[in-house]
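Structure assessment
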Amino acid sequence: MALVTTTEMFKKAYDGGYAVGAFNVNNMEIIQGITEAAGELKAPVILQVSKGARAYANHTYLVKLVEAAVIENPEIPIALHLDHGDSFELCKSCIDGGFTSVMIDASSKPYEENIALTRKVVEYAHDHGVVVEAELGTLAGVEDEVSVDTDKAMYTHPEEVVDFATRTGCDSLAIAIGTSHGAYKFKPGTKPQLRFDVLEECAKQLPGFPIVLHGSSSVPQEFVAEINKYGGNMPGAIGIPEEQLRQAAASAVCKINIDSDIRLAMTAVIRKYFAEHPDHFDPRQYLKPARQAVKDMVAHKIVNVLGCNGKA
Ligand code: G3H
Ligand code: 13P
Ligand code: ZN
């Protein structure tokens, strides 16, 4: 199977009451870990590349690595998506350069500017057979290079979603219901609670329309404990409880974004490896278990959170 758009994936996910995992990729080991898990579990998967990932690894390297993963996993649909595109030029470059899906994130701009920029990207993308994710509302935490104060997080206004989706023509919509980016999503001691009322109202306004959740890492405490045990310092790292993500996956949410949990899984394993093997210096020695940790973590998400195993 060649790279696909998310259109078919999302239709099946919406109707089937599950979600597709969108995992951020930055290097070969991450791409291999994710796609090996998805391939073995016959799960559709979205590999997403941020502006920072593109700056780190180079557009062509990432596209070619993803193309290799497609060849190695011919039985599952794989989409290549731009995460948090912040300009028409960046989106255009990814559309022209082999991506099947782009996000234009103009959510920090005034409403009418968000609509105008999103519409411009949609017109170009659709002319080239590429789908577009847009965002309405502001997540707490750090969105790429934009820092958003937790107290100023702005939930999506359900009364705006029909106007926004209609006027932009976007194919999916990321909404803000209390998730946030990074490993420190909530103040320690507070009880994480997503606003399912906002999600339900948005879904009611847009029947059949795929909703996207960003900032959906769970920050597994076993990874945090391992990192701290082996020389790290991540006090108070907290994520979204898995049962709340499962509830979201069963609803109109068709795409769930996970990046921080990949970082934590790799960091925990590599820190442990270095502590236990101070004499080792071959990157293959520590990247191999790190790749396996990504694979195990993604397999866990597919089966226990997203519910998309066997849906390829
Ligand atoms: O939402 C942001 C993603 O976790 C990507 O992060 O910009 O550091 O690659 P990054
Ligand atoms: P996390 O930081 O919760 O993994 O979110 C990733 C994300 O939303 C990428 O767009
Ligand atoms: Zn995001």
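Here, every reference points to the structure presented above.
Residues numbered from 1 in each chain as written. Chains lettered and ligands numbered in written order. Predicted model: local features only at pLDDT ≥ 70, side-chain atom pairs only at ≥ 80, totals over all residues. Heavy atoms only, no water.

**Remarks on the state of the cysteines**
Condition: To count as a disulfide, a pair of cysteine sulfur atoms needs to be within 2.5 Å. Only protein chains enter the accessibility calculation, which uses a 1.4 Å probe. A residue is then buried if its area is under 20% of the maximum for its type, exposed if over 50%, and partly exposed in between.
Scanning all chains against the criterion turns up zero disulfides. In this model cysteine 254 remains outside any disulfide bridge; the closest cysteine sulfur is found in cysteine 308, 12 Å from its own. With relative accessibility at 0%, the residue cysteine 254 sits in the buried group.

**So, the coordination of the zinc ion (ligand 3)**
Note the following rule: Coordination partners: N, O, S within 2.8 Å of the metal, 3.2 Å for Na, K and Ca; water not considered, so apparent gaps in a site are possible. A run of H or I in DSSP becomes a helix once it reaches four residues, and a run of E becomes a strand once it reaches two; helices and strands are each numbered from the N terminus.
Within the protein, His84 (NE2), His181 (NE2) and His214 (ND1) serve as the donor atoms for the zinc ion (ligand 3), at 2.0 to 2.1 Å. Considered as a linear motif, the donors of the zinc ion (ligand 3) on their single chain read H-x96-H-x32-H. Note that histidine 84 is positioned in strand S3 (residues 78-85) and histidine 181 in the loop between strand S8 (172-175) and helix H8 (196-205), a separation of 97 residues in sequence. For the pair histidine 84 and histidine 181, one class covers both residues: buried.

**Digging into the site of ligand 2**
We apply this condition: The rule for a residue being near a molecule or strand is that one of its heavy atoms must lie within 4 Å of it. Between N or O atoms, a polar contact is any pair within 3.5 Å; within protein, one atom must be a potential hydrogen donor and the other a potential acceptor, and residues adjacent in sequence are included only when both atoms are from side chains. Using a 1.4 Å probe, accessible areas were evaluated by the Shrake-Rupley method; residue-level cover was limited to the displayed protein chains. Three categories are distinguished: nonpolar for Ala, Val, Leu, Ile, Met, Phe, Trp, Tyr, Cys and Pro, charged for Asp, Glu, Lys and Arg, and polar for the others, with Gly belonging to the last.
Near ligand 2 there are 16 residues, and of these Asp83, Lys185, Ser217, Asp259 and Ser260 occur at the shortest range. A distance of 2.7 Å separates an oxygen atom of ligand 2 from a polar side-chain atom of aspartate 83. Take serine 260: an N or O atom from its main chain is 2.7 Å from an oxygen atom of ligand 2. For ligand 2, the protein covers 96% of the area, taking 310 Å² as the surface of the free molecule. In terms of residue class, the shell around ligand 2 is made up of one nonpolar, 12 polar and three charged.

**Observations regarding the packing of helix H9 (residues 221-229) against helix H11 (residues 260-276)**
Filter applied, for reference: Axis definition: a line fitted to C-alpha atoms, over the contacting stretch in the case of helices. Angles run 0 to 180 degrees between N-to-C directions. Handedness of a crossing is defined here by the sense of rotation of the near helix relative to the far one, left-handed for an anticlockwise turn of less than a right angle and right-handed for a clockwise turn. Note on contacts: a residue pair qualifies if any of its non-hydrogen atoms lie within 4.5 Å across the two residues.
Contact pair H9 / H11: the axes reach a minimum separation of 8 Å and the direction vectors enclose 35 degrees. Of the two elements, H9 crosses H11, and the hand of that crossing is left-handed. Residues Phe223, Glu226 and Ile227 of H9 form the contact with H11, whose own contacting residues are Asp261, Leu264, Ala265, Thr267, Ala268, Arg271 and Lys272. Each residue belonging to the contact of H9 with H11 can be placed in one class, and the counts come to five nonpolar, one polar and four charged.

**Comments concerning helix H12 (residues 283-306)**
Rules: Under the convention used throughout, the expected extent of a helix is 1.5 Å for every residue step, that is, one less than its residue count.
With 24 residues, H12 should cover 34 Å at 1.5 Å per step; its first-to-last C-alpha distance of 32 Å lies within 8% of that length. Among the residues of H12, Tyr286, Ala290, Ala293, Val294, Lys295, Met297, Val298, Lys301, Ile302, Val305 and Leu306 are the ones counted as buried. Regarding H12, its N-cap is aspartate 282, as a side-chain oxygen of that residue lies 2.9 Å from the backbone nitrogen of arginine 284 further along. Looking one or two residues beyond H12, the residue adopting positive phi is glycine 307, at roughly 70 degrees.

**So, the pairing of strand S2 (residues 45-50)**
Here is the rule: Pairing between two strands requires that DSSP report at least two bridges joining them. Handedness of a crossover is defined as follows: with both strands directed away from the viewer, a clockwise route from the first strand across the helix to the second makes it right-handed.
Where burial is concerned, most of S2 is hidden: six out of the six residues are buried. Side chains Val45, Leu47 and Val49 of S2 all project onto a buried face; the interleaved residues Ile46, Gln48 and Ser50 project onto the opposite face, where all are buried too. Bridge analysis of strand S1 (residues 20-24) against S2 gives four bridges, and the strand direction is parallel. Counted as the bridge partner of glycine 21 is valine 45 from S2. Regarding topology, helix H2 (residues 28-40) serves as the crossover connection from S1 to the parallel S2, and that connection is right-handed. As paired strands, S2 and S3 are joined by six bridges and run parallel to one another. Its bridge partner lying in S3, glutamine 48 is registered against histidine 81.

Note that every value here comes from positions in space, so none of it alone points to a role or purpose.
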